[in-house]
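Secondary and tertiary structure notes
In case you want the letters, here they are:
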Amino acid sequence: MSTKTIAVAAVALVVAGLGAGLWFVSRPAADDPFAQCRVSSVGGGASAIGGPFELVNEDGVTVTDKDVFTKPTILYFGYTFCPDVCPLDNMRNADALRILDERGYDAQAAFISIDPERDTPEIVKEFTSLFHDNMIGLTGTPEQVKAASMAYKTYYKKQEDGDPEYYLVDHSTFAYLVFPEIGFVDFFKREDTPEQMADRVACFIDAAG
């Protein structure tokens, strides 16, 4: 194979039960205004992800996506009873925010629970307070949570076997970067470090002007 040949790798995230598929491609599109900031792009364009939602914030107030995304936001879907992945991912997101804070960038994080049966606003507030003062906790009815999950093409499924009180929830682990007015602009994988995330968020903020 010629050294000039570029292999474009793609991974299909098939959202089980939601009937939606999303392709993450390793090279950004040439006409992308944020191309210099991306390490990957989304098949179908960034508009394929995101959309309006209505949820309940950690203070018990019903809010919309416009109320939540008032500044660049690192968005994550998980649940507070998660034994390992969610705490680690949210700490990484919070560490990225701290780096951005030190560099003078104004950003925030948001955590949407995919376990509304257990995650009340009070529990979500206690969870987010462990990580960063500028992390917003969100929950809602099962229908509200499902609608938000479908908008961002995430996957989650409650494990039906085992203890009915201490059950686990299988879920996808991407984090999303969402801008006010613009919407979804990029995603982060679990292996991305806080420093890498902060660098890319800063690049997007600078590029957005």
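All values reported here derive from a predicted model rather than from experimental measurement. (Residues numbered from 1 in each chain as written. Predicted model: local features only at pLDDT ≥ 70, side-chain atom pairs only at ≥ 80, totals over all residues. Heavy atoms only, no water.)

Let's shift gears to the packing of aromatic side chains. Per the counting criterion, the structure on display carries nine aromatic pairs. Residues F34 and F204 carry aromatic rings whose centres are separated by 5.2 Å and whose planes lie at 45° to one another, so their mutual orientation is tilted. One end of the pair, F34, is in the loop between β2 (20-25) and β3 (41-42); the other, F204, is in helix α5 (residues 194-208), with 170 residues separating them in the sequence. In this structure F34 comes out as buried when scored by relative accessible area, which is 9%. Owing to a relative accessible area of 0%, F204 belongs among the buried residues under this scheme. Members of the aromatic cluster, joined through ring pairs, are F77, Y152, Y176 and F184. The positively charged end of R118 is found above the aromatic ring belonging to F81, 4.2 Å away from the centroid. Its guanidinium or amino end placed over the ring of Y167, K158 lies 4.2 Å from that ring's centre, counting from NZ or CZ. (Phe/Tyr/Trp six-rings, centres within 6.5 Å; stacked < 30°, edge-to-face > 60°. Helix = DSSP H or I, 4+ residues; strand = E, 2+ residues; numbered from the N terminus. Buried < 20%, exposed > 50% of the residue type's maximum accessible area, 1.4 Å probe, protein only. Lys NZ or Arg CZ within 6 Å of the ring centre and 35° of its normal.)

Its identity is not glycine, yet K153 carries a phi of approximately 55°, on the positive side. By secondary structure assignment, the location of K153 is in the loop between α4 (142-151) and β9 (156-158). We classify K153 as buried; its relative accessible area is 17%. The residue E181 is not glycine, and still its phi comes out positive at about 70°. Mapping E181 onto the fold places it in the loop between β11 (175-179) and β12 (183-188).

What follows is about the state of the cysteines. Considering all chains together, one arrives at one disulfide under this definition. There is a disulfide in this structure between C37 and C203, and the S-S distance comes to 2.2 Å. Across the S-S bond linking C37 and C203, the dihedral sits near -75°, which makes this disulfide left-handed. Separated by 166 residues along the polypeptide, C37 in the loop between β2 and β3 and C203 in helix α5 bring together distant segments of the chain. Judged by relative accessible area, C37 falls into the buried class, the value being 3%. In this structure C86 is a free cysteine whose sulfur lies 3.0 Å from that of C82, the closest cysteine sulfur available. (Disulfide = S-S within 2.5 Å.)

Let's shift gears to the pairing of strand β4 (residues 54-57). Where β4 meets strand β5 (residues 62-64), three bridges bridge the pair, whose relative direction is antiparallel. When the sheet's bridge partners are listed, V56 is paired in β5 with T62. As judged from the two bridges shared by β4 and strand β8 (residues 135-139), these two strands associate in the antiparallel manner. Within β8, the residue paired with N57 across the bridge is L138. (Pairing = 2+ DSSP bridges.)

So, on to the confidence of the model for the chain. Put simply, the chain has an average pLDDT of 86, and 82% of its residues get 70 or more. Note on residues 1-28: pLDDT is under 50 here. Beyond four places in sequence and across chains, it has 53 contacts. (pLDDT = per-residue confidence, 0-100. Contact = heavy atoms within 4.5 Å.)

On to the packing of helix α2 (residues 85-103) against α5. A packed helix pair is summarised by two numbers, namely the angle formed by the two axes and the spacing between the axes. With their axes 8 Å apart at the nearest point, α2 and α5 run at an angle of 50° to one another. Relative to α5, α2 is oriented oblique. Note on packing geometry: the crossing formed by α2 with α5 is right-handed. For the pair α2 and α5, the contacting residues are R92, N93, D95, A96, I99, L100 and R103 in the first and P194, E195, M197, A198, D199, V201 and A202 in the second. For the contact of α2 with α5, the residue count by class is eight nonpolar, one polar and five charged. (Axes fitted to C-alpha atoms, helices over the stretch in contact; angles between N-to-C directions. Parallel < 35°, antiparallel > 145°, perpendicular 65-115°, else oblique. Left-handed = near helix turned anticlockwise from the far one by under 90°. Nonpolar A, V, L, I, M, F, W, Y, C, P; charged D, E, K, R; others polar.)

Within β12, six of the six residues are buried, leaving the element largely enclosed by the surrounding structure. Between the end of β11 and the start of β12, which pair antiparallel, lie three residues, with E181 showing a positive phi angle near 70°.

All of the buried residues along helix α3 (residues 121-129) are P121, V124, F127 and T128. Down the axis of α3, the buried set is contained in an arc of 125°. They therefore lie on one face. Across α3 from its buried face, at more than 90 degrees, point the exposed residues E122 and E126. (Arc of directions from axis to C-beta.)

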